[in-house]
Amino acid sequence: MRRALTLVVSGMVAALLGILALGGLSAAATATDKEAANEAKSVSEAAKRAGKKDPYAPVVYGDR
Amino acid sequence: MVEQTTGVGAPPVRRVRDALPLYAVAAAVTVLVLAPLAAPGYALLYDMVFVPRQPLSWDLVAPAQTLPRAVPMDALMSLVTQLVPGWAVQRVALGGAVLLAAVGAGRLVPTERLAVRLLAAVAYAWTPYLAERLLIGQWGLLLAYAALPWLVRAALDLRAGRDGALARVVLAAAPAAITPTGGLIALGTVVLLVWDRTRLRRSALVVGGVALLNAPWVTAALVTGAGGSSDPAGVAAFAARSENWAGPLVALAGTGGVWSAQATPSSRAAPLVPLATLLLLILAGVGAGLLRRRLPPGTAVRLAVLAGIACLLAALGVLPGGAAALRWAVVHLPGAGLLRDGQKFLAPYALLLVVCAALGAERLVARIDREVAGVVLVGLLLLPVAVMPDLAFGGAGRLRPVSYPADWQVVAERVAGEPGEILALPLSAYQAYPWNPGRVVLDPLPRYLPGTVLTDDTLRVGDVAVAGENPRLREVRRVLAEGLPVSATGVRWVVVQHQLPSEVDPATLRDLEAVHEGPFLTLYRNPAVPPESNPPGLGAWAVVMALGAALLVVMAAAISALHRRPTAW
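Numbers given to residues run from 1 along each chain, matching the order in which its sequence is written. Working convention: letters from A go to chains and numbers from 1 go to ligands, in the order in which they are written. The model is predicted, so local features are restricted to residues of pLDDT at least 70 and side-chain atom pairs to those at 80 or more, both for listing and for counting; the totals for chains, interfaces and linings are taken over all residues. Only hydrogens and water are set aside; all other atoms, that is, all heavy atoms of the structure, feed into the side-chain values.

In the nomenclature of an unreviewed UniProt entry, chain A corresponds to DUF2613 domain-containing protein from the organism Micromonospora arida.

For chain A, the count of helices and strands is two helices and one strand. The helix and strand labels rest on DSSP assignments: H or I over at least four residues marks a helix, E over at least two residues marks a strand, and numbering proceeds from the N terminus. Order of helices (α) and strands (β) in chain A, N terminus to C terminus: α-α-β. In these tables, accessible area is a Shrake-Rupley quantity obtained with a 1.4 Å probe, and a residue counts as shielded only by the protein chains included in the view. When the accessible area of chain A is evaluated, it comes to approximately 4,000 Å², of which 66% is carbon and sulfur surface.

Residue and element names in this part refer to chain B. For Phe, Tyr and Trp, rings pair up if their centres lie within 6.5 Å, where Trp contributes its six-membered ring, and each pair is then called stacked (planes under 30 degrees apart), edge-to-face (over 60) or tilted (otherwise). Within this structure, the stated rule accounts for 17 aromatic pairs over all chains. Between Tyr-404 and Trp-408, the aromatic rings sit 5.3 Å apart at their centres with planes inclined by 50 degrees, giving tilted as the arrangement. Think of it in three bands: residues with accessible area under 20% of the maximum for their type are buried, residues over 50% are exposed, and the middle band is partly exposed, with areas taken using a 1.4 Å probe on protein chains only. Since its relative accessible area comes to 11%, Tyr-404 is described here as buried. Residue classification places Trp-408 among the buried residues on the basis of a relative accessible area of 1%. With a centroid separation of 5.6 Å and 50 degrees between ring planes, the pair formed by Tyr-404 and Trp-435 is classed as tilted. One end of the pair, Tyr-404, is in the loop between strand 2 (401–402) and helix 20 (406–417); the other, Trp-435, is in the loop between strand 4 (430–431) and strand 5 (441–442), and 31 residues separate them in sequence. Put simply, the rings of Tyr-42, Tyr-404, Trp-408, Tyr-433, Trp-435 and Tyr-448 pair up and form one aromatic cluster. Over the face of the ring belonging to Trp-493 we find Arg-492, whose NZ or CZ atom lies 5.5 Å from the ring centre. Cation placement over rings: the criterion is NZ of Lys or CZ of Arg within 6 Å of the ring centroid and within 35° of the ring normal.

Attention now moves to helix 10 (residues 200–213) of chain B. Residues and elements named next belong to chain B. Each residue after the first adds 1.5 Å to the expected span of a helix. For helix 10, which comprises 14 residues, the first-to-last C-alpha distance of 20 Å matches the rise-based estimate of 20 Å (1.5 Å per residue) to within 8%. All of the buried residues in helix 10 are Arg-202, Ser-203, Val-206, Val-207, Gly-209, Val-210 and Leu-213. One face of helix 10 carries all of its buried residues, which in axial projection span an arc of 155 degrees. The outward face of helix 10, more than 90 degrees from its buried face, is lined by the exposed residues Arg-201 and Leu-205. Looking at the buried positions of helix 10, the neighbouring elements they touch are helix 7 (139–159), helix 8 (165–176), helix 9 (180–194), helix 11 (215–223) and helix 23 (538–564). Working note: the arc is built from the helix axis to C-beta atom directions. Here, two residues are considered to be in contact whenever any of their heavy atoms come within 4.5 Å of each other.

Residues and elements named next belong to chain B. Here an axis means a line fitted to C-alpha atoms, over the contact stretch when the element is a helix, while the angle between two N-to-C directions is reported on a 0 to 180 degree scale. Contact geometry of helix 6 (residues 128–135) with helix 7 gives a least axis separation of 8 Å together with a crossing angle of 155 degrees. When the axis of helix 6 is compared with that of helix 7, the two are roughly antiparallel. As helix 6 runs across helix 7, the sense of the crossing is left-handed. Each of Tyr-129, Leu-130, Arg-133 and Leu-134 in helix 6 lies in contact with helix 7, whose residues at this interface are Leu-141, Leu-142 and Tyr-145. Reported orientations rely on four angle classes, namely roughly parallel under 35 degrees, roughly antiparallel over 145, roughly perpendicular from 65 to 115, and oblique for the rest. Two helices cross in a left-handed way if the nearer one is turned anticlockwise from the farther one by less than a right angle. They cross in a right-handed way if the turn is clockwise.

On the chain B side, the residues contacting the 32 residues of chain A number 50 residues. For the chain A and chain B pair, buried surface summed over both sides reaches about 3,400 Å², with 64% attributable to carbon and sulfur atoms. By definition, a salt bridge exists where a carboxyl oxygen of Asp or Glu is found within 4 Å of a side-chain nitrogen of Lys or Arg. Taken together, the connections running from chain A to chain B amount to zero salt bridges. Here a polar contact is taken to be a pair of N or O atoms separated by no more than 3.5 Å, where protein atoms must pair a possible hydrogen donor with a possible acceptor and residues adjacent in sequence count only if both atoms sit in side chains. Our count for the contact surface shared by chain A and chain B stands at nine residue pairs in polar contact (both at pLDDT 80 or more). Of all the secondary-structure elements, those providing two or more residues to the side of chain A that touches chain B are helix 1 (2–29), helix 2 (33–49) and strand 1 (60–62) of chain A. Here the element with the most residues in the side of chain A that touches chain B is helix 1 of chain A; it accounts for 14 residues. Gly is put with the polar residues, along with every residue not named as nonpolar or charged; the nonpolar set is Ala, Val, Leu, Ile, Met, Phe, Trp, Tyr, Cys and Pro, and the charged set is Asp, Glu, Lys and Arg. Here the residues of the side of chain A that touches chain B sort into 19 nonpolar, seven polar and six charged. Judged from the two bridges that link them, strand 1 of chain A and strand 7 (residues 459–461) of chain B form a sheet pairing that is parallel. Of the residues in strand 7 of chain B, the one forming a bridge with Gly62(A) is Val461(B). The quantity reported as buried area is the accessible area (1.4 Å probe) lost by two parts once they are put together, taken as the sum for both. At least two DSSP bridges between two strands are required for those strands to pair.

This brings us to the UniProt feature "signal peptide" (unreviewed entry) in chain A. UniProt positions are given in the numbering used here, feature names are shortened, and annotations may be inferred rather than shown by experiment. With numbering aligned to this structure, UniProt lists the feature "signal peptide" (unreviewed entry) at residues 1–31 of chain A. Within the segment residues 1–31 of chain A, helix and strand shares are 90% and 0% respectively, and the terminal C-alpha atoms sit 45 Å apart.

All names here are of chain B. Alternating residues of strand 3 (residues 422–425) divide into Ile-422 and Ala-424 and Leu-423 and Leu-425, and every residue in both groups is buried. By the bridge criterion, two bridges tie strand 3 to strand 6 (residues 453–454) in an arrangement that is parallel. Across the sheet, the residue bridging to Ile-422 is Val-453, located in strand 6. Where strand 3 and strand 9 (residues 493–497) come together, four bridges link them in parallel fashion. Looking across to strand 9, one finds that Ala-424 is bridged to Val-495.

Another point: the sheet that holds strand 6 of chain B. Residues and elements named next belong to chain B. Pairing is mixed in the open sheet, where five strands are placed in the order 6-3-9-11-10. Taken across any chain shown, the strands that pair with only one partner, and hence form the sheet edges, are strand 6 and strand 10 (513–517). Taken together, the five bridges between strand 9 and strand 11 (residues 521–525) define a ladder with antiparallel strand orientation. Paired with Trp-493 across the strands is Arg-525, a residue of strand 11. Packing against the sheet, helix 20 makes contact with strand 3, strand 9, strand 10 and strand 11, and its axis sits at approximately 15 degrees to strand 11.

It is worth spelling out the domain arrangement of chain B at this point. A common way to state how big an interface is: give the accessible area lost once the parts meet. Residue and element names in this part refer to chain B. For the domain bounds, the source is a domain assignment made automatically or taken from a database. Examined at the domain level, chain B breaks down into domain 1 (12–397) and domain 2 (404–525). Computed over C-alpha atoms only, the centres of domain 1 and domain 2 are separated by 34 Å. Across the contact, 33 residues belong to domain 1 and 26 residues belong to domain 2. Where domain 1 abuts domain 2, roughly 2,300 Å² becomes buried across the two surfaces, and 62% of that area is made up of carbon and sulfur atoms. When the buried area of domain 1 at its contact with domain 2 is split by residue, Leu-44, Tyr-46 and Val-49 rank highest and sum to 24% of it. One can count two salt bridges joining domain 1 with domain 2. A salt bridge links Arg-69 to Glu-469; the nearest nitrogen and oxygen atoms lie 2.9 Å apart. In this structure, the connection of domain 1 to domain 2 is made through nine residue pairs in polar contact (both at pLDDT 80 or more). For the side of domain 1 that touches domain 2, the secondary structure elements donating two or more residues are helix 2 (58–61) and helix 12 (233–237). With three residues, helix 12 is the single largest residue contributor to the side of domain 1 that touches domain 2.

As structure tokens, then:
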């Protein structure tokens, strides 16, 4: 009984990790050039709203 | 290190059969991480700059006015791209780094269980360290990361007195030493793992060999006009960064914590990430004893000391008193500027953590029955990917190849005919090009154009401006700040880059002759300055000599290694 329970629990955890990994991988795989550019744009706009320097402006190496 | 399943004594067919799954998993991880590089072009992201054919210019071999951050990497790139196009070199370098990191870590684990090796391979090739250094474009550092398990293995073989290990130590250290940081990591690894007072001659020979691999950048640092000190503002700007609620020390414990938010995968901000780090640390703690028992006496302690030094250097900027000490050091100690971005030294810790965690998993599953053990190992294999899936596919699309506009080649050809100093405007170290959307990259002009290209060396991190070291740039900035025309800077050529957020005031370009006007670049000639090629100074020749000595050491090691093989192929 204990063995079966251990197998079921560890199987469920492994399956969860598998789903997370596959879900994340498919999200990463379907990220297009346009989406990457949109993400950069939204980061730029958020920085402007917060009164910070735009991390994608040419003079900024990065933001902490 | 100990390799029990694929020992030297095993028949070749069995050795190949045993190694195949490891190489297959490593190849799968490599494809998963670098899939976008299947498209043609150049992936240009932050410090990652590859060009079709990098000119073999003196300024790339021995920078006269800047610190040698890319010595001898640039010289090697210039040599290699004379024969192989830059796009191919980029794929070989990045693909080789991920593949060899995975295989090296897998082979390093002293275990008989293949699943444990696979676990180490995936975990080492899927660390936040690899992801962050890839996304900040520091591919030279990735080569050092990939070389590290091979170097550790060769160093331990040398301690054990195995045949040919000395040559393998030098060969494994060579790719690491293409950047100053990688060279120092390799040297520290060799000093700590190989040094043996009872075998002084052998120890001195191998340490001397690896020290010689560091000679090019050390020589370049001694002869550059940039001086040895750096801006202390960089200490806070480049200190380890918190990824989530747990703070920078926990980020470092999970091998992350790079200073740049843009180079950190978004998944690292998730609130559960510190729990995954905790799990990894517990597993590593469980496996540490096994590692100590399976390695020769004292070896695990040496590895732990190496990892401890790596952690200390990485955390120095955020430890109480550490930042102040570092600020003093970068001003007063020549070369201490290397320590500002301390997280890059974390590679030895990442390796020990992964090896111990893999052994911890082995110890864990040894207590449970076979079916459950298989399920647990599969779960642990998936854990790094589940926690940080956005490393896949080039950091979820951040690494995507683009083509240089045709303008760039035209300008390179025009400049090649009349040598002289080139000024790139607008003055900025990093650029965001419309043809490389959503990405910032170190201005590629210094690597694309033949000759000395002046670009700004001030690094802006958020609101902080970290001053560069180039005295010639300081002079150019002073001239422009005084409102004088660009022609007064004394440069022969001026390249103005268009379609960028900042623009160049046309009034500053008076007195210049436009020789090429394209949609992305305009090239101006300064008629007040005649074409001239400055002969290299003694310092530049000293760097070439050091580079030659390092290449000789590598060639000698390669010949020695080939002679010891039953067949050379």
